[in-house]
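Single-letter residue listing:
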Amino acid sequence: MKIERKPLTLWERLYLPAIISGMMLTFSHLFRKKVTLRYPEEKPEMPPGYRGQPVLVKDDEGRVKCVACQLCEFVCPPRAIRIKPMAYPENAKYKKVEKTPEEFEIDMIRCIFCGYCEEVCPERAIFLRGPYSVTGLSRKDMVFNKEKLLELGGTLPDPIKKWRKK
Amino acid sequence: MPDNLTTPTPAAEMVNATINGIKVQAPKGANIIEAGERVGVFVPHYCYHKKLAISGICRMCLVEVGGPMRGPDDKPVLNPDGTPKIAMAPRLSIGCNTPVTEGMVIVTNSPAVKQAQNAVMEFFLINHPLDCPICDQAGECKLQEYSVEFGKDASRFREEKVHKPKQVDLGPRVMLDDERCILCSRCIRFMRDVAKDDCLGFVNRGSHTTLACWPGKKLAGNYSLNTVDLCPVGALTDKDFRFKMRVWFLKETKSICTSCATGCNTVIWSRENVVYRQTPRENDAVNQCWMCDAGRHNYKHINAASRLKKALVSGKEMGYADALKQLGPKLKAALADRASVAFVGSGRATNEELYLFSILAKGGVSDCVPRTWDGDNFLVNADRNPNGAGAKIFGVAAQPMGSKLTVIADGIKAGRIKTLIVHQEDVNRRGIGADLLAKLSLLVVVDFRPTETTKAAHFVLPGVTYAEKRGTFTNANGRVQRVWPAVSLGGEERSDWEIFRDLLRETGQPDRFGDIAALFADMAANVKPFAGLSLEKIGGGGVQISVT
Ligand code: SF4
Ligand code: SF4
Ligand code: SF4
Ligand code: SF4
Ligand code: FES
C-alpha cells in the first residue's frame, strides 16, 4: 500500500507554534497536584482488589481459613508452596475443622504470581492481595512463613460459613 | 498354609457372553464385574470386593442384562436369520451378584444404565459432607472418582444434611467419620469373614444408618487397618497416616514387609525420601490383599533421625572409603586365622547379602539371631526374621538358629575368638555383652542404626534398611521376593551387599560382583535352590523355590 504524504501547511512549517504549545502543556503540570510518589519512602496505597502476592487470610471470627488441603502446593507451577499439615489439638476451639497447617511457606522468589493457588483453594483461604513490594535481603528472607503470610493477608469476611454447621 | 488363605482353583468350565457387543469368556459362576474386567469393560462398584463375600447393597454396579428367549414350548426362540432371539430384562440388575450365564447379553453403556449410575451417585452425595479438603481419602476416593465419571456436576439437594458422629475413635489405629461412610459394609464383612473378629455393624435406620462397633467391642485386632484400605471413601482412616501427607504427592515403590517370615507384598509410599505409609499389594500366593497392622506401621526406623550416615572408626565419623581403607588390611590379617573369627549374620538380610556374608564367613563360626514370638493362624508367622529361610540356605545360621551364639560368647570369653563381624544385629542384647565385646581385638559392625554393639565396635560401616536397597528375601514357604529402593538418606551409607562386596575385595577375594544383577547371577550359579533364577524372573510377584 502506498501512503500519500500531504505537504505541510505554512503554519506547520513555521515550527515554533507547535513547540510553544507543547511547552505550555508541560509547564502547566508544574502547578497541578502531584501524581508521582517518592518511592520507596512513600508507599503507594493499593485499591481494594489489587492483585499482589499470595497471602493467607482469616475469617471474621479470626479462624485461619486454610485447612492444609495441599491443593495449592500441588497446583503451584514453580512449586513455591510448602505445607506441613496437622490435626487441631484436642481442646482447640476449631477442633471440628480437624485439620490446619502447622507450617505454610511460600518462597516468593519462586512464586510467579500466577494466581493458581487462589483459584484452586476450596476454602477461599489464599488470595493474591499482598502488599505492593516483595523484597528481602536474602533468599531465606524471601521464604514467607505462616505467621508472615497471615499478617500480610489480614481478615477477609466470607459469606459462606461452611464450618459453622459441622 | 492357613485355611483362609487358599488360592482360587482355576475354574474349568467357561461360559460365553457378550458385554457391550464384545464377546467374553468367563469361568462359570463369575459375576458381571469380573467378566467385564476380562475384556476391559469397567463396571463401577463400591461394595463388591473380589476377596469379600458379596452383599449387593451399594447399587453402583447396575447393568442391563438379557438372555436367549425361550418360547412357551421351552424351545429357544430364533430370529429370522437363525440367531437366538435376545430378551432383555425389564429392570436393571446388579453386576456384582449376577453370575454370567451362557449366551448372556450385558449392556453397561446404555442410557438406562447411565441414568441409574447418575441417580445412585446423587443419592450417595445427598448426605455426604464433602469434607474433601480435610479428608485423607481425597485423591484416592472412589466417591470423588465416580462422581466425576458417573455423577452430576451440581447438587439439587437444598435441605439440611443428616449429621452423624465425626472423629469417632473406633480403635487404637482407626478413626471413623460416619458422615463420609457410604454404608458399603466392606469393613464389616472383612472383620467378620477374613479377620474373624466380628466387631462392626450398622445401627439405626434409613438415612440415619450408622456404622459402629458392637457395644463393648473395639476395632482393635492386628488386621484392623485393612478396613482402611477397603473403605472406598474416607470414612475409615489410619490414625498414623492421618493428616501427614496428601496421597497425590506420594511415590509408590513395590516392596515386601520384613516384619516376619510371611513376607507380605507391600507398597511403600514416600515423598522426598521420607516414608509415609505402607499398604498391602495383592499377591494370592502370599497375603491376598491384606497385611497386619504391626508390619504396616513398622517403618519408623527408616525415617529415624538417629540413622548412621557415616562410617565410624573407633567411634569417630569418617567417610566410607577411608574407613574401608583402614579396615581392609586389619580384616585381611584377622581372617588369616579363621578359627579366631566369628560371624553373626542376620535373618533380616537379603539373600544376596547372606550369600556374600557366607563367602566371607567360610571356615569361621557363624550364626544368626533367632526371633520367634507367637504367630497367628492367618498372616503373622512365628518367625519374625524375614529371611530366616535364606540364612539357613546359605549356612549363615547354625542349626537350630541361635545355638552357636553361646559358643561365640564362650570363645570370646576364653580368648579363642578375637575378631567378630556382625551384620544388623545388636549382639549386646543377645548374650554377647559389653564386657565380652571389649575383649575383642577387632569388632566390625554393618548396621543402619546405632546400637550398643555399634558403640563398642572398632569399625561401623553404614548400611541401609529394606526400603533403600535392591535384593530378595526368601519367606517361610520358600517364596523368593524382591524389594526395590524407595528412599535414600543421601549420606555415606551403602546397600549392605555393596559393603560385603567391598569387604570381600579388600580381603583379597576376586571382585566378581559388580552390580546386583551380576551378584544374583553368581548366586544362582552357585547356590542350588536359586538355580535358573534371575531378578527379572522373580519380578513383582516372587518365585517359589524348594527349601529343604
Ligand atoms: S501465585 Fe502461582 S506461583 Fe505463586 S504461590 Fe500461587 S500458585 Fe504458586
Ligand atoms: S488450597 Fe487453600 S485450604 Fe488448601 S492448603 Fe492451600 S491455602 Fe490451604
Ligand atoms: S470420602 Fe471422598 S468425597 Fe467424601 S469427603 Fe472424603 S475425599 Fe471427599
Ligand atoms: S466405613 Fe467405609 S468400608 Fe465401612 S461401610 Fe462405611 S464406606 Fe464401607
Ligand atoms: S457393587 Fe454391586 S451392589 Fe455394590
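Because the structure is a prediction, the values reported are computed rather than measured.

Student: Just checking my understanding: could you explain the overall build of chain B for this structure?
Tutor: Check the secondary structure of chain B and you find 16 helices and 24 strands. Dimensions along the principal axes, computed over C-alpha positions, put chain B at roughly 95 × 55 × 40 Å. Expressed as a percentage of its 548 residues, the buried residues of chain B come to 55%. Partitioning the contacts of chain B with sequence separation of at least 6, the portion at a separation of at least 24 is 65%.

Student: Just checking my understanding: could you explain the overall build of chain A for this structure?
Tutor: When helices and strands are counted, chain A shows 5 helices and 5 strands. Walking chain A from its N terminus toward its C terminus, one meets helices and strands in the order α-α-β-α-β-β-α-β-β-α. In summary, chain A has a C-alpha radius of gyration of 26 Å against a globular reference of 15 Å for 166 residues, an excess of more than 25%. Overall, chain A is about 90 × 45 × 40 Å in size when its C-alpha atoms are taken along their principal axes. Considering only contacts in chain A between residues 6 or more positions apart, those separated by 24 or more positions represent 72%. Summed over all atoms, the accessible surface of chain A reaches about 12,000 Å², with 59% contributed by carbon and sulfur. Taking the average location of the 32 positive side-chain charges in chain A and that of its 22 negative ones, the two points are 4 Å from each other.

Student: So what exactly am I meant to see when it comes to the packing of helix 9 (residues 351-360) of chain B against helix 14 (residues 496-506) of chain B here?
Tutor: Describing two packed helices takes the angle between their axes plus the distance from one axis to the other. All names here are of chain B. Running from N to C, helix 9 and helix 14 cross one another at 25 degrees; their axes reach a closest spacing of 9 Å. The orientation of helix 9 relative to helix 14 falls into the category roughly parallel. Classified by chirality, the crossing of helix 14 by helix 9 is left-handed. Of the residues in helix 14, those in contact with Glu-353, Leu-356, Phe-357, Ile-359 and Leu-360 of helix 9 are Asp-496, Trp-497, Phe-500, Arg-501, Leu-503 and Leu-504. By residue class, the composition of the contact of helix 9 with helix 14 is 8 nonpolar, no polar and 3 charged.

Student: How do you make sense of the sheet that holds strand 16 (residues 316-318) of chain B when you look at a structure like this?
Tutor: Each strand in a sheet pairs with another by means of backbone hydrogen bonds, the pair being arranged parallel or else antiparallel. Residues and elements named next belong to chain B. Reading across the sheet, the 7 strands line up as 16-15-21-20-19-17-18 and stay open at both edges, with mixed pairing between neighbours. One side of each edge strand has no neighbouring strand; the edge strands of this open sheet are strand 16 and strand 18 (365-368). With direction set aside, neighbouring strand axes in the sheet form an average angle of 15 degrees. Direction of pairing for strand 20 (residues 442-447) relative to strand 21 (residues 459-462): parallel, over a ladder of 4 bridges. Note on strand 21: the bridge partner recorded for Asp-447 is Pro-462. Contacts from helix 11 (residues 405-414) reach strand 17 (341-345), strand 18 and strand 19 (419-423) within the one sheet, and its direction differs from that of strand 17 by about 145 degrees.

Student: Got a minute to help me understand the site of ligand 4 in this structure?
Tutor: Around ligand 4 lies a shell of 13 residues, among which Cys181(B), Cys184(B), Ser185(B), Cys187(B) and Cys231(B) are the nearest. Here the residues of the shell around ligand 4 are counted per class, giving 11 nonpolar, 1 polar and 1 charged.

Student: Can you walk me through the site of ligand 1 in this structure?
Tutor: The immediate surroundings of ligand 1 are formed by Pro54(A), Cys76(A), Pro78(A), Ile81(A), Cys111(A), Ile112(A), Phe113(A), Cys114(A), Gly115(A), Tyr116(A) and Cys117(A). Residues of the shell around ligand 1, tallied by class, amount to 10 nonpolar, 1 polar and no charged.

Student: Looking at this model, I keep getting lost on the environment of Ala80(A). Mind explaining?
Tutor: All names here are of chain A. Looking at where Ala-80 falls in the secondary structure, it is placed in the loop between helix 3 (71-75) and strand 2 (81-87). As a C-alpha pair, Ala-80 and Ile-109 span 29 residues in sequence and 8.0 Å in three-dimensional space. Leave out the neighbours within four places in its chain, and Ala-80 touches Glu-105, Ile-106, Asp-107, Arg-110 and Cys-111.

Student: I would appreciate a short explanation of the domain arrangement of chain B in the present structure.
Tutor: By a widespread convention, an interface's size corresponds to the accessible area lost as its parts come together. Along its sequence, chain B is carved into domain 1 (14-109), domain 2 (131-244) and domain 3 (311-544). Summarising the inter-unit geometry, the C-alpha centres of domain 2 of chain B and domain 3 of chain B are found 44 Å apart.

Student: What exactly am I supposed to notice about the environment of Gly136(A) here?
Tutor: Residue and element names in this part refer to chain A. Assignment of secondary structure puts Gly-136 in the loop between strand 4 (126-128) and strand 5 (143-144). Through-space distance from the C-alpha of Gly-136 to that of Glu-42 is 18 Å; in sequence the pair is 94 residues apart. Sequence-distant contacts of Gly-136, defined by excluding residues within four places in its chain, comprise Asp-141 and Met-142.

Student: What is the right way to read the sheet that holds strand 23 (residues 479-483) of chain B from this model?
Tutor: All names here are of chain B. Taken in spatial order, the 3 strands make up an open sheet running 22-23-24, and their pairing is antiparallel. Looking at the sheet topology across the chains shown, the edges are occupied by strand 22 (471-474) and strand 24 (543-544). Inspection of the sheet shows strand 23 paired to strand 24 by 2 bridges, in the antiparallel sense. Note on strand 24: the bridge partner recorded for Arg-479 is Gln-544.

Student: Even after reading the chapter, I still don't get the pattern of salt bridges, so can you show me in this structure?
Tutor: Scanning the entire structure with this criterion turns up 40 salt bridges over all chains. Residues Arg82(A) and Glu73(A) are paired through a salt bridge, measuring 3.8 Å at the closest nitrogen-oxygen approach. Judged by its relative accessible area of 34%, Arg82(A) falls in the partly exposed class. Taking the shortest distance from any N to any O, the salt bridge between Arg505(B) and Asp502(B) comes out at 3.3 Å. In this pair, Arg505(B) and Asp502(B) are both assigned in helix 14, 3 residues apart and thus about one turn of the helix distant. Ionic contacts of the salt-bridge type, sharing partners, join the residues Glu98(A), Asp131(B), Lys166(B), Asp177(B), Glu179(B), Arg180(B) and Arg242(B) into one network.

Student: Even after reading the chapter, I still don't get the packing of aromatic side chains, so can you show me in this structure?
Tutor: Residues and elements named next belong to chain B. The full count for this structure, using the stated rule, is 16 aromatic pairs over all chains. Where Phe-343 meets Phe-357, the ring centres are 5.9 Å apart and the plane angle is 85 degrees; that geometry is what we call edge-to-face. You can see Phe-343 sitting in strand 17 and its partner Phe-357 sitting in helix 9, a full 14 residues away along the chain. Accessibility expressed as a relative area gives 0% for Phe-343, which makes it buried.

Student: Would you explain the side chain of Arg501(B) in this entry?
Tutor: Residue and element names in this part refer to chain B. With respect to the secondary-structure elements, Arg-501 resides in helix 14. According to the relative accessible area criterion, Arg-501 is buried, its value standing at 15%. Arg-501 has contacts with Leu-356, Asp-511, Phe-513 and Gly-514, leaving out every residue within four places of it along the chain.

Student: Honestly, the nonpolar core in this entry has me stumped. Any pointers?
Tutor: Residues and elements named next belong to chain B. One finds Tyr-46, Met-60, Phe-124, Phe-190, Leu-200, Leu-236 and Trp-290 to be the most contacted residues of the largest nonpolar core, which totals 68 residues. The biggest single contributor to this core is helix 4 (residues 186-194), with 5 residues. Among the nonpolar cores identified, the runner-up in size contains 51 residues, and Cys-368, Leu-442, Phe-459 and Leu-504 belong to it.

Cut-offs and rules
- Residues numbered from 1 in each chain as written.
- Chains lettered and ligands numbered in written order.
- Predicted model: local features only at pLDDT ≥ 70, side-chain atom pairs only at ≥ 80, totals over all residues.
- Heavy atoms only, no water.
- Helix = DSSP H or I, 4+ residues; strand = E, 2+ residues; numbered from the N terminus.
- Buried < 20%, exposed > 50% of the residue type's maximum accessible area, 1.4 Å probe, protein only.
- Contact = heavy atoms within 4.5 Å.
- Rg over C-alpha atoms; globule rule 2.2 N^0.38 Å.
- Areas by Shrake-Rupley, 256 points an atom, 1.4 Å probe, with all protein chains shown as cover.
- Lys, Arg positive; Asp, Glu negative; His and termini not counted.
- Charge placed at Lys NZ, Arg CZ, Asp CG, Glu CD.
- Axes fitted to C-alpha atoms, helices over the stretch in contact; angles between N-to-C directions.
- Parallel < 35°, antiparallel > 145°, perpendicular 65-115°, else oblique.
- Left-handed = near helix turned anticlockwise from the far one by under 90°.
- Nonpolar A, V, L, I, M, F, W, Y, C, P; charged D, E, K, R; others polar.
- Pairing = 2+ DSSP bridges.
- Near = heavy atom within 4 Å.
- Domains from an automatic or database assignment.
- Salt bridge = Lys/Arg side-chain N within 4 Å of Asp/Glu carboxyl O.
- Phe/Tyr/Trp six-rings, centres within 6.5 Å; stacked < 30°, edge-to-face > 60°.
- Core = buried A, V, L, I, M, F, W, Y, C linked by side-chain atoms within 4.5 Å.

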